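# Architecture at a glance
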Amino acid sequence: MRTARRFKLAAAALLVLGALTACGDAGDDEGGGGREVEAADDCDGKFEDGTRMAELVEAGKINVGVRFDQPGLGFKGGTDDIPAGFDVEMAKLLIADLCIDPNDTSAVNYEETISDNREPFLQSGRVDLVAASYSITEDRRKLVGQAGPYFITGQQVLVPADSDVESIEDLKGKEVCSASGSTSLENVNAAGAVGVPADTYSVCAEQVANGSVPAMSTDGSILLGLAAQYDGELKVVGPEFSEERIGIGYSKDRPEMCEWINSVLETAYEDGSWAEAFELTLGDSGAETPEPPALDPCQA
């Protein structure tokens, strides 16, 4: 396993903004689906009978929870059949390993998933996997399984371009929008600001743009994508004030999925497909791609 190296968003702002033709470039393939990821050829006997993986192979269908409103991570335009972004690319690697074509919308249901419904969707069986900027936490692991992380980022602040705010420290006692049910909202309150919940981060960005709230906060990778959509009206400021370890969610009733997820991620690290996915979505061909983070051991 390679040693993790933090992806410093402040230093990488230019490469992310440049790559956020990911809303466009990632949608250049047919249906807006990003990279061509070919399904594995033969899954006969690949998984032990009774495992969720074997059941999905037999069914030839899967439901995956992803974001639709986060450029570079998980974004689905109005004319796209398939969402695009780094989270989606990780989901596609897993889907393909089950001998299911990730670009076949009759076999794969990419379910729009927001911060508030990730655990309920997994617990109810509405989705089999969640790849939706899903920070790994001990509290969440009491409710669902989480494998990874496959990406490490940190929380920053998004403000109007003419704002004097330089960091979360300048927002103590002031309203800061973040997604309901997210760790970002918890971190905002812990930092002394007044967290204002919204259904999605795109709603928060709109509230900052129209002056309803002075700022919003979440992972810097998400904020840079949102800022790029507002053509200079908004900016990302401040050092990271949290560490967010992004992973894949699965049902706690299906613990066998953890080792499978980690094995697919490990293979992606080693064969270069993780780096390729990063460069297409959050990276740029002229910038150094970070080392992937070490994977957590699966819990018994």
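Here the structure is a predicted model, which is why all the values come from computation and not from measurement.

### Focus on the packing of helix α3 (residues 86-97) against helix α10 (residues 273-281)
At their nearest, the axes of α3 and α10 sit 9 Å apart, and the two run at 150 degrees to each other. Relative to α10, the element α3 lies roughly antiparallel. As for how α3 packs across α10, the hand of that crossing is right-handed. Facing Phe86, Glu89, Met90 and Leu93 of α3, the residues of α10 in contact are Ser273, Trp274, Ala277, Phe278, Leu280 and Thr281. Residue composition of the contact of α3 with α10, grouped by class: 7 nonpolar, 2 polar and 1 charged.

### Overview of the environment of lysine 92
Secondary-structure assignment places lysine 92 in helix α3. Taking relative accessible area as the criterion, lysine 92 reaches 0% and is therefore assigned buried. Spatially, the C-alpha atom of lysine 92 lies 6.9 Å from that of valine 37, the residues being 55 residues apart in sequence.

### Points about α10
All of the buried residues along α10 are Ser273, Trp274, Ala277, Phe278 and Thr281. The arc enclosing the buried residues of α10, seen along the axis, measures out at 140 degrees, which places them on a common side.

### Looking at helix α6 (residues 183-190)
Among the residues making up α6, those that are buried are Thr183, Ser184, Leu185 and Val188. A positive phi of about 100 degrees marks glycine 192, the residue just after α6.

### Quick notes on the side chain of asparagine 117
Turning to its location among the elements, asparagine 117 is positioned in the loop between β4 (108-112) and α4 (118-124). Of note is the side chain of asparagine 117, whose polar atom sits 3.0 Å from the backbone nitrogen of isoleucine 114.

### Thoughts on the sheet that holds strand β12 (residues 244-250)
Sheets are built from strands paired through backbone hydrogen bonds, the pairs being either parallel or antiparallel. An order of β4-β1-β5-β12-β6 is seen for the 5 strands of this open sheet, with the pairing classed as mixed. Every interior strand has two partners, whereas the edge strands, β4 and β6 (145-153), have only one. Averaged over all pairs of adjacent strands, the angle between their axes in this sheet comes to 25 degrees, without regard to strand direction. Taken together, the 5 bridges between strand β1 (residues 62-66) and β4 define a ladder with parallel strand orientation. When the bridges of β4 are listed, valine 66 appears paired with glutamate 112.

### Things to note about the packing of α3 against helix α9 (residues 256-271)
The geometry of a pair of packed helices is captured by two quantities: the angle between their axes and the separation between those axes. Close contact between α3 and α9 brings their axes to 10 Å; oriented N to C, the two are set at 110 degrees. As summarised for this structure, α3 and α9 are arranged roughly perpendicular, according to the angle between their axes. Note that α3 runs across α9; the crossing there is right-handed. Across from Met90, Leu93, Leu94 and Asp97 in α3, the residues of α9 making contact are Trp260, Ile261, Val264, Leu265 and Ala268. Here the residues of the contact of α3 with α9 sort into 8 nonpolar, no polar and 1 charged.

### Thoughts on the sheet that holds strand β11 (residues 234-237)
Overall, mixed pairing links the 5 strands, which are arranged β9-β8-β10-β7-β11 in an open sheet. Among the strands making up the open sheet, the edge pair consists of β9 (194-198) and β11. Between one strand axis and the next, the sheet turns through 35 degrees on average, direction left out of account. Note: strand β8 (residues 175-179) against β9, 5 bridges, orientation parallel. When the bridges of β9 are listed, cysteine 177 appears paired with valine 196. In the packing of α6 onto the sheet, contacts are made with β7 (155-160), β8, β9 and β10 (215-219), and the angle to β9 comes to roughly 160 degrees. Across the face of the sheet, helix α7 (residues 201-209) comes into contact with β7, β8, β9, β10 and β11 while running at roughly 150 degrees to β10.

### Here we look at a negative patch on the surface
Taken together, the side chains of Glu36, Glu38, Asp41, Asp42, Asp44 and Asp101 make up a negatively charged region of the molecular surface. Note on aspartate 44: relative accessible area 69%, which makes it exposed.

### Some remarks on the nonpolar core
Counting residues in hydrophobic clusters, the biggest one holds 61 residues, and the most contacted among them are Phe86, Leu129, Tyr150, Met216, Trp260 and Ile261. Discounting chain neighbours no more than four positions away, the residues touching tryptophan 260 are Phe47, Met53, Leu94, Asp97, Leu98 and Leu129. In terms of nonpolar packing, the next biggest core, distinct from the first, is built from 11 residues, Val157, Val165, Leu171 and Val188 among them.

The rules behind each value
Residues numbered from 1 in each chain as written. Predicted model: local features only at pLDDT ≥ 70, side-chain atom pairs only at ≥ 80, totals over all residues. Heavy atoms only, no water. Axes fitted to C-alpha atoms, helices over the stretch in contact; angles between N-to-C directions. Helix = DSSP H or I, 4+ residues; strand = E, 2+ residues; numbered from the N terminus. Parallel < 35°, antiparallel > 145°, perpendicular 65-115°, else oblique. Left-handed = near helix turned anticlockwise from the far one by under 90°. Contact = heavy atoms within 4.5 Å. Nonpolar A, V, L, I, M, F, W, Y, C, P; charged D, E, K, R; others polar. Buried < 20%, exposed > 50% of the residue type's maximum accessible area, 1.4 Å probe, protein only. Arc of directions from axis to C-beta. Polar contact = N/O pair within 3.5 Å; in protein donor to acceptor, adjacent residues only side chain to side chain. Pairing = 2+ DSSP bridges. Patch = residues over 30% accessible without salt bridge, like charges linked within 9 Å, V, L, I, M, F, W, Y side chains within 5 Å. Areas by Shrake-Rupley, 256 points an atom, 1.4 Å probe, with all protein chains shown as cover. Salt bridge = Lys/Arg side-chain N within 4 Å of Asp/Glu carboxyl O. Lys, Arg positive; Asp, Glu negative; His and termini not counted. Charge placed at Lys NZ, Arg CZ, Asp CG, Glu CD. Core = buried A, V, L, I, M, F, W, Y, C linked by side-chain atoms within 4.5 Å.

Taken by themselves, the reported measurements are silent on function.
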